[in-house]
Amino acid sequence: MKVKLRQEKKGDHTEVNKVIELAFQNEPISDQTEHYLVEKLRKSASFIPELSIIAEHDREIYGHILLTKAKIIDGNKSVETLALGPVSVLPKVQNKGIGGALMRDAHEKALLLGYRSIVLLGHENYYPRFGYMIADEFGIRFPFKAPRQNCMVKELVPGSLKHVGGMVAYPKEFFVS
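Read on for an overview of the structure. (Residues numbered from 1 in each chain as written. Predicted model: local features only at pLDDT ≥ 70, side-chain atom pairs only at ≥ 80, totals over all residues. Heavy atoms only, no water.)

### Re the overall build of the protein chain
Part 1 of the reasoning: If you tally the helices and strands in the protein chain, you get three helices and nine strands.
Part 2 of the reasoning: N-terminal to C-terminal, the α/β element order of the protein chain is β-α-α-β-β-β-α-β-β-β-β-β.
Part 3 of the reasoning: For a compact globule of 177 residues, the expected C-alpha radius of gyration is about 16 Å, and the protein chain comes in at 15 Å, within 12% of that figure.
Part 4 of the reasoning: Taken over the C-alpha atoms alone, the protein chain extends approximately 50 × 35 × 30 Å along its principal axes.
Part 5 of the reasoning: Per-residue burial for the protein chain yields a buried fraction of 50% across its 177 residues.
Part 6 of the reasoning: Sequence separation of 24 or more characterises 68% of the internal contacts of the protein chain that already satisfy a separation of 6 or more.
Part 7 of the reasoning: Accessible surface, the protein chain: about 9,500 Å² in total, of which carbon and sulfur atoms supply 51%.
Part 8 of the reasoning: When the 25 basic and 21 acidic side-chain charges of the protein chain are each reduced to a single mean position, those positions are 3 Å apart. (Helix = DSSP H or I, 4+ residues; strand = E, 2+ residues; numbered from the N terminus. Rg over C-alpha atoms; globule rule 2.2 N^0.38 Å. Buried < 20%, exposed > 50% of the residue type's maximum accessible area, 1.4 Å probe, protein only. Contact = heavy atoms within 4.5 Å. Areas by Shrake-Rupley, 256 points an atom, 1.4 Å probe, with all protein chains shown as cover. Lys, Arg positive; Asp, Glu negative; His and termini not counted. Charge placed at Lys NZ, Arg CZ, Asp CG, Glu CD.)

### A closer look at the nonpolar core
Part 1 of the reasoning: Counting 39 residues, the largest nonpolar core has Ile65, Leu67, Leu82, Leu84, Ile98, Tyr127 and Tyr132 as its most contacted members.
Part 2 of the reasoning: Elements with a minimum of two residues in this core: helix 1 (13-24), helix 2 (34-42), strand 2 (47-57), strand 3 (60-74), strand 4 (77-89), helix 3 (98-112) and strand 5 (117-121).
Part 3 of the reasoning: It is strand 2 that contributes the most residues to this core, six residues altogether.
Part 4 of the reasoning: Formed by 14 residues, the second largest nonpolar core is a distinct cluster that contains Ile72, Val119, Phe142 and Val164. (Core = buried A, V, L, I, M, F, W, Y, C linked by side-chain atoms within 4.5 Å.)

### Examining helix 1
Part 1 of the reasoning: An ideal rise of 1.5 Å per residue puts 16 Å on twelve residues; helix 1 measures up with 17 Å between its terminal C-alpha atoms.
Part 2 of the reasoning: Tucked into the core, helix 1 has its buried residues touching helix 2, strand 2, strand 3 and strand 4. (Expected span 1.5 Å × (residues − 1).)

### Observations concerning the side chain of Ser46
Part 1 of the reasoning: Structurally, Ser46 is set in the loop between helix 2 and strand 2.
Part 2 of the reasoning: By relative accessible area, Ser46 is classed as buried at 14%.

So far we have only geometry, and geometry alone does not tell us how the molecule works.
As structure tokens, then:
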């Protein structure tokens with residue numbers, strides 16, 4: 001399916017929130033609050049407008065992806081990274097390549113903005129096809145209780161995580177109800 005990818009605008013928020021809500025409504029590992037998280041992240045210092053991207057077709061929003069600033073901290077050492085989440089596609093158009101198009105576009109834009117890596121908590125069968133690897137293989141840990149195979153990282157710049165280890169520091173919005 002051919003979609004147009006573009007930066008989200010303020011006028012898109014209501015429709016994007018609905019897409020996110022519908023995308024996660026039947027997801028067993030979700031608490032169905034992803035749309036609230038996105039709303040909080042949009043207002044945070046971690047928000048990067050260029051990395052809030054929508055997919056649309058015939059003026060209808062079919063998907064959305066968001067990358068926000070995060071850090072990997074090890075003692076006094078801190079490395080900037082991005083946190084991916086969520087990526088959402090309307091159920092009626094899932095499995096048509098929209099999520100993949102959003103992923104590739106977000107990776108490309110993040111690299112152009114100078115970011116070198118991305119962390120995420122997600123499906124172990126989906127994200128590896130985009131180059132995501134198990135985070136603890138890099139010595140990177142997540143502040144959530146989650147299976148190791150769901151905690152992943154991607155080097156946008158090969159070797160950028162070679163000497164990086166520690167705990168992912170997500171924006172506080174990920175933890176505030």
